[in-house]
Amino acid sequence: MSRTDVDVESGSEPPPEDDHAFFGQPKGLLTLSGLEVWERFSFLGMQAILVLYFADTLAHGGMGMSAGTAASVSAAYGTLVYLVSVAGGWLADRILGSYRAVLWGGILIACGHYSMAVPTSTMTWVGLGLISAGTGLLKPNVATMVGKLYRTDDDRRDAGFALYYMAINIGAFAGPLITGWLGDHKGWHWGFSAAAIGMTFGLVQYVAGRRHLAGRRHTAEFALAPAAMHRAIRRILVGVAAVAVLAVLLAAAGWLTMGRFVDLLTLISVIAPVVYFAVMFSSPRVTSEERGRLRPYIVLFLASTVFNFILFQAYSTMILLASTNAETTLLGFDFPASWYASALGAFEVSLAPVVAALWVRMGHSQPHASNKIAIGVVLGGLSFLLMVLPTSGHSGDDYLMSAWWIVGSYLLLGLGDVLLETSGMSATTKLAPAAFSSQTMSLWFLSLALANGIQAQTVKLYDNVSKPAYFGVNGAIAVAAGLAVTAAAPWLRRTMHPVH
């Protein structure tokens, strides 16, 4: 029996070429996009108010942190989320399978948000831990499942990822509106409750639409032998318990402070991708041809890191800036500062279908993936350079800028995000070695962990340097990185075949 026969029998073969039921895309894209709408609603809805919750006073129900510390801790949480994605990819490939990994990840995320709805600091940390574990299971594997809907040479692939990303950003737009209003008018934990309900809706529609998914087999594609699987599960459980006990003991002894924990996560975010690349390059299961395609992927990885270092600050330093130095009244209507985060989602929702239609229309003549990614990085840098203008020339910090400066910055950032993330995720699914399919997508998310890890250290300067210097230097570095990727485009085009 051939490999193709096995895939067809198990439901892992991509749908037929004539499956155009969802805006010309496979039906399964609707199910996976629907899940991500609600996952992003919950995750980014919570993320939009998390830094404000950390920075708010204890008297108002917050955590009483300084602005820089609040942004650093929020970034460290993002680092943990994406670090765990490595384990999520491995569990899907070797033990759970993609479908069950996504399902259990969603359940953990929902439980985490329900925990954060309880108004105690202890339950806040418990909830963030559960969300980190759940997102690590869900995020890399749902993107991999999208890739399995298409053949490698399918011209609809990038357009499909663009539609998928548009659907994601419907949740990114709606989440901060709901959680932000509840957090501002009812209390932070009411906002966290809305996030919990959103994730529950996502799980319901995911299970209901599972028949449309490619690769929905119940066993892992590269499953361990039964004895090895039992040993792996036992070691995982013992390891998690040991780490938890050690962390509690160190915290009780005063050795594991929040600052040291943030620094530890940053260190791990640097080491993890280096180790992971080394493992894949040296693995006997990776062919020489696949190994050759991993080399240009390092450039894409670094480009993603630089861009997402800027992007994630849309939910930290930019939200903090908006809460203190930007107008929150538009046409006589007062709105929470967290609503600025919805502008980013709105731009991505509106721009993604335009970009998707453009790629479909251009077909094989569309720009190479590396050029799309380079443009995205440059736009990310320009979004920060733009903020130099309204933050310059003030004698103090009591000024208010027009809302349109923040909106304009998010417009540049949103377009850059559509270009980079859709092309990056699509290229990842094409460049992935077969034996590391889900785990290579985890490697893409490790670039997000590294971006957050670097951000966790950099944002500590937010309170200590001028705003024009902070945004200007970070923006200039990103623009330079994007131009460097453009310069490397000829080599990338040669080495990334069959990626266009």
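Up top is the structure.
A brief structural summary. (Residues numbered from 1 in each chain as written. Predicted model: local features only at pLDDT ≥ 70, side-chain atom pairs only at ≥ 80, totals over all residues. Heavy atoms only, no water.)

## What to know about the overall build of the chain
Then comes step 1: When its secondary structure is counted, the chain shows 18 helices and 2 strands.
Then comes step 2: On C-alpha atoms alone, the chain measures out to a radius of gyration of 22 Å, which is about the 23 Å that the 2.2 N^0.38 rule sets for 500 residues.
Then comes step 3: Over its C-alpha atoms, taken along the principal directions, the chain stretches across nearly 75 × 55 × 40 Å.
Then comes step 4: Within the chain, the fraction of its 500 residues that count as buried is 56%.
Then comes step 5: Within the chain, counting contacts between residues at least 6 apart in sequence, those at least 24 apart form 83% of the total. (Helix = DSSP H or I, 4+ residues; strand = E, 2+ residues; numbered from the N terminus. Rg over C-alpha atoms; globule rule 2.2 N^0.38 Å. Buried < 20%, exposed > 50% of the residue type's maximum accessible area, 1.4 Å probe, protein only. Contact = heavy atoms within 4.5 Å.)

## Some words on empty space enclosed by the protein
Then comes step 1: What the rule picks out here adds up to 3 cavities of 30 Å³ or more.
Then comes step 2: Reported here for the largest cavity is a volume of approximately 300 Å³.
Then comes step 3: Breaking the lining of the largest cavity down by element, the ones donating at least two residues are α2 (27-55), α3 (67-96), α6 (157-185), α10 (288-311), α12 (340-362), α15 (403-431) and α16 (437-458).
Then comes step 4: Per-class residue counts for the lining of the largest cavity are 13 nonpolar, 5 polar and 5 charged. (1 Å grid on protein atoms, 1.4 Å probe; cavity = no way out; pocket = protein on both sides within 12 Å on 5 of 7 lines; lining within 4 Å. Points joined across faces, edges and corners; volume = space filled by probe spheres on them. Nonpolar A, V, L, I, M, F, W, Y, C, P; charged D, E, K, R; others polar.)

## Considerations on a nonpolar patch on the surface
Then comes step 1: Together, Trp125, Met258, Phe261, Leu264, Leu267, Ile268, Val270, Ile271, Val275 and Val279 make up an exposed nonpolar region whose accessible area comes to about 810 Å².
Then comes step 2: Looking at the nonpolar patch, the element that brings in the most residues is helix α9 (residues 258-282), giving 9 residues.
Then comes step 3: Relative to the elements of secondary structure, methionine 258 occurs in helix α9.
Then comes step 4: Under the relative-accessibility criterion, methionine 258 is labelled partly exposed at 35%. (Patch = residues over 30% accessible without salt bridge, like charges linked within 9 Å, V, L, I, M, F, W, Y side chains within 5 Å. Areas by Shrake-Rupley, 256 points an atom, 1.4 Å probe, with all protein chains shown as cover. Salt bridge = Lys/Arg side-chain N within 4 Å of Asp/Glu carboxyl O.)

## What to know about the pattern of salt bridges
Then comes step 1: Counted according to the given criterion, the structure contains 5 salt bridges.
Then comes step 2: With a closest N to O distance of 3.0 Å, lysine 139 and glutamate 36 form a salt bridge. You can see lysine 139 sitting in helix α5 (residues 121-147) and its partner glutamate 36 sitting in helix α2, a full 103 residues away along the chain. By the burial criterion, lysine 139 is buried, and glutamate 36 matches it.
Then comes step 3: The salt bridge involving glutamate 39 is made with arginine 40; its shortest N-O contact spans 2.7 Å.
Then comes step 4: By relative accessible area, arginine 40 is classed as buried at 6%.
Then comes step 5: If you follow the salt bridges from partner to partner, you end up with Glu36, Glu39, Arg40 and Lys139 in one network.

## Observations regarding the layout of surface pockets
Then comes step 1: Volume-wise, the largest pocket comes out at about 2000 Å³.
Then comes step 2: Around the largest pocket, the lining is made up of 42 residues, and of these Leu80, Val84, Gly129, Val240 and Val243 lie nearest the centre.
Then comes step 3: Within the residue set of the lining of the largest pocket, elements represented by two or more residues are α3, α5, α8 (226-252) and α9.
Then comes step 4: No other element matches α3, which puts 13 residues into the lining of the largest pocket.
Then comes step 5: The residue makeup of the lining of the largest pocket, split by class, is 36 nonpolar, 6 polar and no charged.

## Observations regarding the side chain of serine 316
Then comes step 1: Looking at the secondary structure, you find serine 316 in the loop between α10 and α11 (317-325).
Then comes step 2: Those residues in contact with serine 316 that lie beyond four places of it in its chain are Val51, Ala71 and Gln455.

## Overview of the packing of aromatic side chains
Then comes step 1: Summed over the entire model, instances satisfying the criterion amount to 16 aromatic pairs.
Then comes step 2: Between lysine 467 and the ring centre of tyrosine 462, over which it is positioned, the NZ or CZ distance is 4.5 Å. (Phe/Tyr/Trp six-rings, centres within 6.5 Å; stacked < 30°, edge-to-face > 60°. Lys NZ or Arg CZ within 6 Å of the ring centre and 35° of its normal.)

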